[in-house]
Amino acid sequence: MTEIKDTADQRLQSSSKMVLLAAPRGYCAGVDRAVIAVEKALDHYGAPVYVRKQIVHNKHVVSSLEKRGAIFINEVDEAPEGSVLVFSAHGVSPAVVAAAEARGLNTIDATCPLVTKVHREVQRFAAEDYDILLVGHEGHEEIEGTAGEAPHAVQIIDKDESIERSTVRDPKKLIWLSQTTLSVDETMETVVKLRKKYPDLQNPPSDDICYATQNRQVAIKKVGAGSDLVLVVGSANSSNTVRLVEVALEAGAKSSYRIDYASEILDEWFDGVQTVGVSSGASVPEELVDEVLVDLARRGYGDVRTVQTAEEDVQFSLPAELRKELKAAGTDLNNKVKR
Ligand code: SF4
């Protein structure tokens with residue numbers, strides 16, 4: 001596999017079919033930690049281990065864990081009293097934590113630390129009596145959990161209508177925060193619109209859109225600019241995956257499709273296509289990308305060039321309650337498990 005740092009005019013430099021493979025892509029540190037937490041919980045407690053909502057938004061990951069004994073539920077009252085329940089990487093509101101406590105569940109909080117960071121910002125600014133405009137997708141689990149930290153202080157800003165509808169008590173005590181997996185460019189456009197209405201709107205103390213989302217968008221911009229077709233591996237309910245398809249198209253790709261599996265690739269997508277870009281969302285195991293590359297090679301796109309725009313070495317330790325249990329049992333605390 002060739003690595004290239006600059007993709008400008010790649011399409012013009014080569015007359016043969018090729019693949020531009022975005023890097024970084026796939027698993028982020030928060031997803032890795034959440035999936036390993038369920039795997040370690042299954043090893044330690046035995047099946048079943050209950051998980052509230054999908055641990056991460058990926059079909060393949062969820063069905064693999066189901067085969068090992070994880071049971072995915074929508075609400076805590078579906079878990080038998082006293083059972084082990086894992087909260088997903090997207091986070092939960094304090095009301096959900098309280099409901100699990102009241103039911104006597106043994107909980108493991110696999111919320112990504114970068115989502116927890118946004119929860120803390122909501123707690124802090126609500127305590128200082130700010131109004132908080134939370135930019136994100138209404139109904140997404142992360143937004144439900146984050147807004148649930150201070151429902152009285154938070155308004156969700158999803159579409160333009162929600163900007164028009166918003167009302168604040170004191171425009172000088174007003175801050176915007178966001179979901180971690182949004183499009184960076186679109187979010188900034190939303191903030192510009194918000195600032196037209198609220199000129200004193202304050203920025204978050206640090207970026208809420210996480211490093212993994214940002215890095216994958218930067219990489220796919222380069223890939224999209226040099227590709228006729230871009231394939232993004234990931235599930236339909238994965239916010240960061242869906243954003244990658246949009247960013248690829250905005251960057252210049254003639255077409256872009258999201259697929260869960262290589263088997264979903266259609267012949268008609270390849271008419272007149274010389275360069276195929278490939279990336280994957282932050283909850284996608286690399287084996288699914290490998291299967292796409294095998295399919296593409298069969299179609300004559302065997303020349304794979306990696307477009308590397310950043311290096312990532314972020315790693316989060318396992319949830320504290322699981323670490324404590326494993327340590328007491330003398331079990332390996334290493335974050336890495338064989339898959
Ligand atoms: Fe955490 Fe970002 Fe991964 Fe979400 S996409 S789990 S916020 S690192």
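Structure's up top.
Asker: Go over the overall build of the chain, please, and point to the residues and values.
Answerer: Looking only at helices and strands, the chain features twelve helices and 13 strands. Expressed as a percentage of the 339 residues in the chain, the buried residues total 53%. Across the chain, the fraction of contacts at a sequence separation of at least 24, relative to all contacts at a separation of at least 6, is 75%. If you sum the accessible surface of the chain, you get close to 15000 Å²; carbon and sulfur atoms cover 50% of it.

Asker: Go over empty space enclosed by the protein, please, and point to the residues and values.
Answerer: Under the counting rule described, the total for this entry stands at one cavity of 30 Å³ or more. Put simply, the largest cavity is a space of about 290 Å³. Lining the largest cavity are 23 residues; nearest its centre among them are Cys-28, Val-31, His-90, Thr-181 and Asn-240. At three residues, helix H9 (residues 211-225) tops the list of elements feeding residues into the lining of the largest cavity. Counted by class, the lining of the largest cavity contains eleven nonpolar, eleven polar and one charged residues.

Asker: Before we move on, can you summarise the sheet that holds strand S6 (residues 106-109) with the specific residues and values?
Answerer: Here we have four strands laid out as an open sheet, ordered S4-S3-S5-S6, and parallel in their pairing. Strand pairing shows two members of the sheet lacking a second neighbour, strand S4 (70-73) and S6, which therefore form its edges. Adjacent strand axes in the sheet meet at a mean angle of 30° when their direction is disregarded. Pairing of strand S5 (residues 84-87) with S6, which is carried by four bridges, proceeds in the parallel orientation. Bridge assignment links Leu-85 to a residue of S6, and that residue is Thr-107. Packing against the sheet, helix H4 (residues 94-102) makes contact with strand S3 (49-52), S5 and S6, and its axis sits at approximately 175° to S5.

Asker: Tell me about the packing of aromatic side chains, and name the residues and values.
Answerer: Per the counting criterion, the structure on display carries three aromatic pairs. Ring geometry for Phe-125 against Tyr-130: centres 5.2 Å apart, planes inclined by 75°, an arrangement best described as edge-to-face. Residues Phe-125 and Tyr-130 agree in their burial class; the two are buried. Relative to Tyr-301, the ring of Phe-270 has its centre 5.6 Å away and its plane inclined at 40°; by these criteria the two rings are tilted. Taken as a pair, Phe-270 in the loop between strand S11 (255-259) and strand S12 (275-280) and Tyr-301 in the loop between helix H11 (286-298) and strand S13 (304-308) lie far apart in primary sequence, 31 residues in all. Judged on exposure class, the residue Phe-270 and its partner Tyr-301 are both buried.

Asker: If you had to explain the site of the ligand to someone new, which residues and values would you point to?
Answerer: The local shell around the ligand consists of Cys-28, Gly-30, Val-31, Cys-112, Leu-114, Val-115, Thr-180, Thr-181, Cys-210 and Tyr-211. Under a 2 Å grid-point criterion requiring more than half of the atoms, the pocket assigned to the ligand is the largest cavity. If you list the elements that add at least two residues to the shell around the ligand, you get helix H2 (29-45) and helix H5 (113-127). Of the residues in the shell around the ligand, the class split is seven nonpolar, three polar and no charged.

Asker: Could you give an account of the pattern of salt bridges, naming the residues involved and the relevant values?
Answerer: Counted by the stated rule, this structure contains 22 salt bridges. The partner of Arg-68 in a salt bridge is Asp-43, and the shortest N-O contact between them spans 3.0 Å. Within this pair, whereas Arg-68 is found in helix H3 (residues 59-68), its partner Asp-43 is found in helix H2, the two being separated by 25 residues in sequence. With a closest N to O distance of 3.7 Å, Glu-75 and Lys-53 form a salt bridge. A residue pair is termed long-range when its members are at least 10 positions apart, and Glu-75 in the loop between S4 and S5 and Lys-53 in the loop between S3 and H3 qualify at 22 residues.

Asker: Could you give me a rundown of the environment of Val-97, with the residues and numbers involved?
Answerer: Looking at the element boundaries, Val-97 is found in helix H4. As a C-alpha pair, Val-97 and Ala-297 span 200 residues in sequence and 48 Å in three-dimensional space. The contact partners of Val-97, leaving out residues within four places of it in the chain, are Phe-87 and Val-92.

Here is what the cut-offs are and how they apply
Counting starts from 1 at the beginning of each chain's written sequence and moves along it residue by residue. The predicted origin of the model limits local features to residues at a pLDDT of at least 70 and limits the giving and counting of side-chain atom pairs to 80 or more, whereas totals for whole chains, interfaces and linings rest on all residues. Hydrogen atoms and water are omitted, and side-chain values are computed over all heavy atoms in the structure. Numbering goes from the N terminus for both helices and strands, where a helix is a DSSP run of H or I of at least four residues and a strand is a run of E of at least two. Only protein chains enter the accessibility calculation, which uses a 1.4 Å probe. A residue is then buried if its area is under 20% of the maximum for its type, exposed if over 50%, and partly exposed in between. In what follows, a contact means two residues having at least one pair of non-hydrogen atoms within 4.5 Å. Here, Shrake-Rupley sampling with a 1.4 Å probe gives the accessible areas, and only protein chains in the shown set may cover a residue. Definitions used for this entry: grid spacing 1 Å over protein atoms alone; cavity, a set of points where a 1.4 Å probe fits but cannot get out; pocket, an open set with protein on both sides within 12 Å along at least 5 of 7 lines; lining residue, one with an atom within 4 Å of a point. Grid points are joined across faces, edges and corners, and a volume is the space filled by probe spheres set on the points. Polar here means any residue outside two lists: the nonpolar Ala, Val, Leu, Ile, Met, Phe, Trp, Tyr, Cys and Pro, and the charged Asp, Glu, Lys and Arg; Gly therefore counts as polar. When DSSP locates at least two bridges between a pair of strands, those strands are taken to pair. Only C-alpha atoms enter the line fits that serve as axes; for helices the fit covers just the stretch in contact. Angles between N-to-C directions range over 0 to 180 degrees. Centres within 6.5 Å are what make two rings of Phe, Tyr or Trp a pair, Trp counting through its six-membered ring; a difference in plane orientation under 30 degrees is then read as stacked, over 60 as edge-to-face, and the rest as tilted. Proximity is defined per residue: any heavy atom of the residue falling within 4 Å of a molecule or strand makes that residue near it. Criterion for pocket placement: a molecule counts as inside a cavity or pocket if more than half of its atoms are within 2 Å of its grid points. For this document, the term salt bridge refers to a Lys or Arg side-chain nitrogen within 4 Å of an Asp or Glu carboxyl oxygen.

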